[in-house]
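Coordinate analysis (summary)
So you can see what is in the structure, the chains are spelled out below.
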Amino acid sequence: MSREYSIKDVIEERVGYVYSEEGIYEPHEITFTVEVGKKVEIGDIVCIEHPSRPGTPVFYQVIEVPLRRRARDYEEDLVRLGKPVHDESRNYPRARAKQVGYYEDFKKVLEGESDEDMLMLIEHIKPLSEVYRPKSEVISLLLEPNAPSIEVGSIYPSWKHTLKLELPKLLRQGLLVVGGVGTGKTTTMLTILVNIIRGIRNEGGNPHILIIDKDGEYGTEELMSVSGNSYEHIDIDRIYIGEITDKYAFYQRLLALLGLHPTSRLARSLKEAVFKLRGPIPLSADFIRSLCRELTTQDLIRECMSRSTNIEKRLESIRSREGISVSEVVELTENLAVVHIDLSRTTDMDHAFEVLTELLRRVYDEALHNPEYGIIVAIDEAHLYAPERGGIYIADEGRVKALKSTLELLATTGARNGVTLFIATQRPSLISKTLTTQMGQNIIAHRVEDVDLERVVEIMGSIARRARVLPRGWALVKALAAKLKEPLIIKVNPQTYPTSTGKTAYERFLESTQ
């Protein structure tokens, strides 16, 4: 005979009663007065009994904890005279909570026989309904994903529960991590990457991650260790472009090699010829000369051939300095767990942006044509690679626009085609809104400056303003890859920490005296 459950099987204690001073009671959000001796905090999960389904809890998350005090006319005068009256009996702790939802058959959920999604209560709630704190194991049911997952951090305020993100959803939707300097943003991204490698391997799979690292902070011992012998670090200056998939990018490189202005007659003729080409275009002297020979008039052919006289030396100098082609890097991503592209030592950002654009396009094309190829592309300081209008440009404008366009392509169509974008930024207000909107389905927000906070509010809602007061290593998380879709405050459980490659002025001052 199956057991029947009551609300008492779900709750730990009563914490208050639903009470509205205005006399208006809405199901999507409740205000309740906290009982004497009880305590609730922002982020707490509470519940009431469903008004028409006895024994079924409807869950709410506390979002505000105001305290109302009944004032007396003379009270401020006493405060001004330095003689306040501390009368606790006139303090009324309250809480405002937003509905999370309820399970239609909570009995099956308790018995582990159901993975149904929550429904929303849309009927009247009863004034003065009892508000309860659920048992810890019941809250665990609300948080434990039904699919393979990774741990991110401990959930405030009880710290008894762990935030987990479902791997299938996370890799279908992508990730956005934001936070100011020193708030733990890079540590969070590294922790997630390490846990993904472990999680995928625990499922018997082979993960592949391409890291684009502006400051050389991702080469940690823990990341290398969890990757085993499947990790490769590459300075971006070593990479050369042997073939170019984007016709406009090839055309721009061709003009630079031949020393042509875009408005010249020869440049216009070459542009027409280039845009008739199909597939990856070889960046070689022989191919460029063959392109010259296909021009329409003899004078254009002669000028083009003349300008290409020393082109072998120009291409050879690039390759001998750099040493590995984009095609070879793509092959590495097919075979290794982590390919780490390091930009920290480059002195040529134009070249770096050109390489990244071609590399990401080739990765995307590989995923489109190879159903067994999948990859996570993790990019730190993404606002530098895909700036919003008025943002920061650290390379030639044309190259920045080409890379930004490629990243927006990955953000909008990459995940469903096997290329998942994870981006981290300290300046969400300066990054392409296409990226933040798409990646914002799963957002981890550390403390940010006020100028950037409004962009985070657009993605997460007004609760994002609470990120302003979070200590280092804490974050506000709103994730569709979590079982509970409402924002949660967590403390990240770090698996590794970024390496420090740069030296601050303070460190250099001290070194100069030694």
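For the structure, see preceding data.
**Some remarks on the overall build of the protein chain**
When helices and strands are counted, the protein chain shows 17 helices and 22 strands. Expressed as lengths along the three principal axes of its C-alpha atoms, the size of the protein chain is roughly 95 × 70 × 50 Å. Here the protein chain, with 514 residues, has 49% of them falling under the buried criterion. Put simply, 72% of the contacts in the protein chain that link residues at least 6 apart link residues at least 24 apart. Of the accessible surface of the protein chain, which amounts to about 24800 Å², a share of 48% is contributed by carbon and sulfur atoms. Charge-centre separation for the protein chain: the mean point of 67 positive side chains lies 3 Å from the mean point of 76 negative side chains.

**What to know about the packing of helix H12 (residues 326-335) against helix H13 (residues 349-369)**
Running from amino to carboxyl end, H12 crosses H13 at an angle of 50°, the nearest separation of the two axes being 10 Å. Compared by their axis directions, H12 and H13 come out oblique. Our pair here, H12 against H13, has a crossing hand that is right-handed. Touching Val326, Ser327, Val329, Val330 and Glu334 of H12 are Val355, Glu358, Leu359, Arg362, Val363 and Glu366, all from H13. Taken together, the residues that form the contact of H12 with H13 break down as six nonpolar, one polar and four charged.

**Focus: a nonpolar patch on the surface**
A contiguous nonpolar surface patch, about 270 Å² in accessible area, is contributed by Tyr17, Tyr19 and Leu128. Judged by its relative accessible area of 33%, Tyr19 falls in the partly exposed class.

**A short note on the packing of aromatic side chains**
Scanning the entire structure with this criterion turns up eight aromatic pairs. Arranged with centres 5.1 Å apart and planes meeting at 80°, the rings of Trp159 and Trp474 form a pair that is edge-to-face. You can see Trp159 sitting in the loop between strand S8 (149-155) and strand S9 (162-166) and its partner Trp474 sitting in strand S21 (residues 474-479), a full 315 residues away along the chain. By relative accessible area, which is 36% here, Trp159 ends up partly exposed. Aromatic ring contacts, followed pair by pair, group Phe59, Tyr103 and Phe106 into a single cluster.

**What to know about helix H9 (residues 285-293)**
Regarding H9, the residues found buried are Ala285, Ile288, Arg289, Leu291 and Cys292. Summarising the axial view, the buried residues of H9 lie within an arc of 155°, below the 170-degree limit, and thus occupy one face.

**Focus: unusual backbone geometry**
In this structure, the amide linkage connecting Tyr156 to the following residue, Pro157, adopts the cis form with an omega of 5°. Within the fold, Pro157 resides in the loop between S8 and S9. Positive phi values are uncommon outside glycine, yet Leu128 reaches one of about 65°. Along the chain, Leu128 turns up in the loop between helix H2 (106-110) and strand S7 (130-134).

**Some remarks on the pairing of strand S11 (residues 209-213)**
Summarising burial for S11: five of the five residues are buried, a large majority. Side chains Ile209, Ile211 and Asp213 of S11 all project onto a buried face; the interleaved residues Leu210 and Ile212 project onto the opposite face, where all are buried too. Bridge count for S11 against strand S17 (residues 338-342) is five bridges, and the pairing is parallel. If you follow Ile211 over to S17, its bridge partner there is His340.

**Some points on the pattern of salt bridges**
As enumerated under the stated definition, the model contains 28 salt bridges in all. With a closest N to O distance of 3.9 Å, Lys38 and Glu13 form a salt bridge. Of this pair, Lys38 sits in the loop between strand S2 (29-34) and strand S3 (45-49) while Glu13 sits in strand S1 (residues 11-18); the two residues are 25 residues apart in sequence, bridging distant segments of the chain. The class for Glu13 is partly exposed, based on a relative accessible area of 26%.

**Description of the sheet that holds S11**
Strand order in the open sheet formed by 11 strands is S9-S8-S22-S21-S20-S10-S19-S18-S11-S17-S12, and the pairing between neighbours is mixed. Lying at the two open borders of the sheet, with one neighbouring strand each, are S9 and strand S12 (231-235). If you compare each strand with its neighbour and ignore which way they point, the axes differ by 25° on average. The sheet contacts of helix H16 (residues 450-460) involve strand S10 (175-178), strand S20 (442-445) and S21, and relative to S20 the element is tilted by about 145°.

**So, the pairing of S2**
Pairing between S1 and S2: three bridges, direction antiparallel. Each bridged residue has a counterpart across the sheet, and for Tyr17 the counterpart in S2 is Thr33. Where S2 meets strand S6 (residues 91-101), five bridges bridge the pair, whose relative direction is antiparallel. Looking at S6, one finds that Phe32 is bridged to Ala95.

**Overview of the nonpolar core**
Core analysis: the biggest nonpolar cluster contains 86 residues, and Leu210 and Ile341 have the highest contact counts within it. Sorting elements by how many residues they give to this core places H13 first, with 10 residues. Not counting residues within four places of it along the chain, the set of residues in contact with Leu210 comprises Thr333, Val339, Ile341, Leu359, Leu360, Val363, Ile375, Ile376, Val377 and Ala378.

**Let's talk about helix H10 (residues 298-307)**
What H10 keeps buried is the set Leu300, Ile301 and Cys304. Projected down its long axis, H10 carries its buried residues within an arc of 100°, all on one side. Exposed and facing more than 90 degrees away from the buried side of H10 are Gln298, Arg302 and Ser306. Buried residues belonging to H10 abut helix H7 (247-258), helix H8 (265-274) and H9.

About the cut-offs
Residues numbered from 1 in each chain as written. Predicted model: local features only at pLDDT ≥ 70, side-chain atom pairs only at ≥ 80, totals over all residues. Heavy atoms only, no water. Helix = DSSP H or I, 4+ residues; strand = E, 2+ residues; numbered from the N terminus. Buried < 20%, exposed > 50% of the residue type's maximum accessible area, 1.4 Å probe, protein only. Contact = heavy atoms within 4.5 Å. Areas by Shrake-Rupley, 256 points an atom, 1.4 Å probe, with all protein chains shown as cover. Lys, Arg positive; Asp, Glu negative; His and termini not counted. Charge placed at Lys NZ, Arg CZ, Asp CG, Glu CD. Axes fitted to C-alpha atoms, helices over the stretch in contact; angles between N-to-C directions. Parallel < 35°, antiparallel > 145°, perpendicular 65-115°, else oblique. Left-handed = near helix turned anticlockwise from the far one by under 90°. Nonpolar A, V, L, I, M, F, W, Y, C, P; charged D, E, K, R; others polar. Patch = residues over 30% accessible without salt bridge, like charges linked within 9 Å, V, L, I, M, F, W, Y side chains within 5 Å. Salt bridge = Lys/Arg side-chain N within 4 Å of Asp/Glu carboxyl O. Phe/Tyr/Trp six-rings, centres within 6.5 Å; stacked < 30°, edge-to-face > 60°. Arc of directions from axis to C-beta. Pairing = 2+ DSSP bridges. Core = buried A, V, L, I, M, F, W, Y, C linked by side-chain atoms within 4.5 Å.

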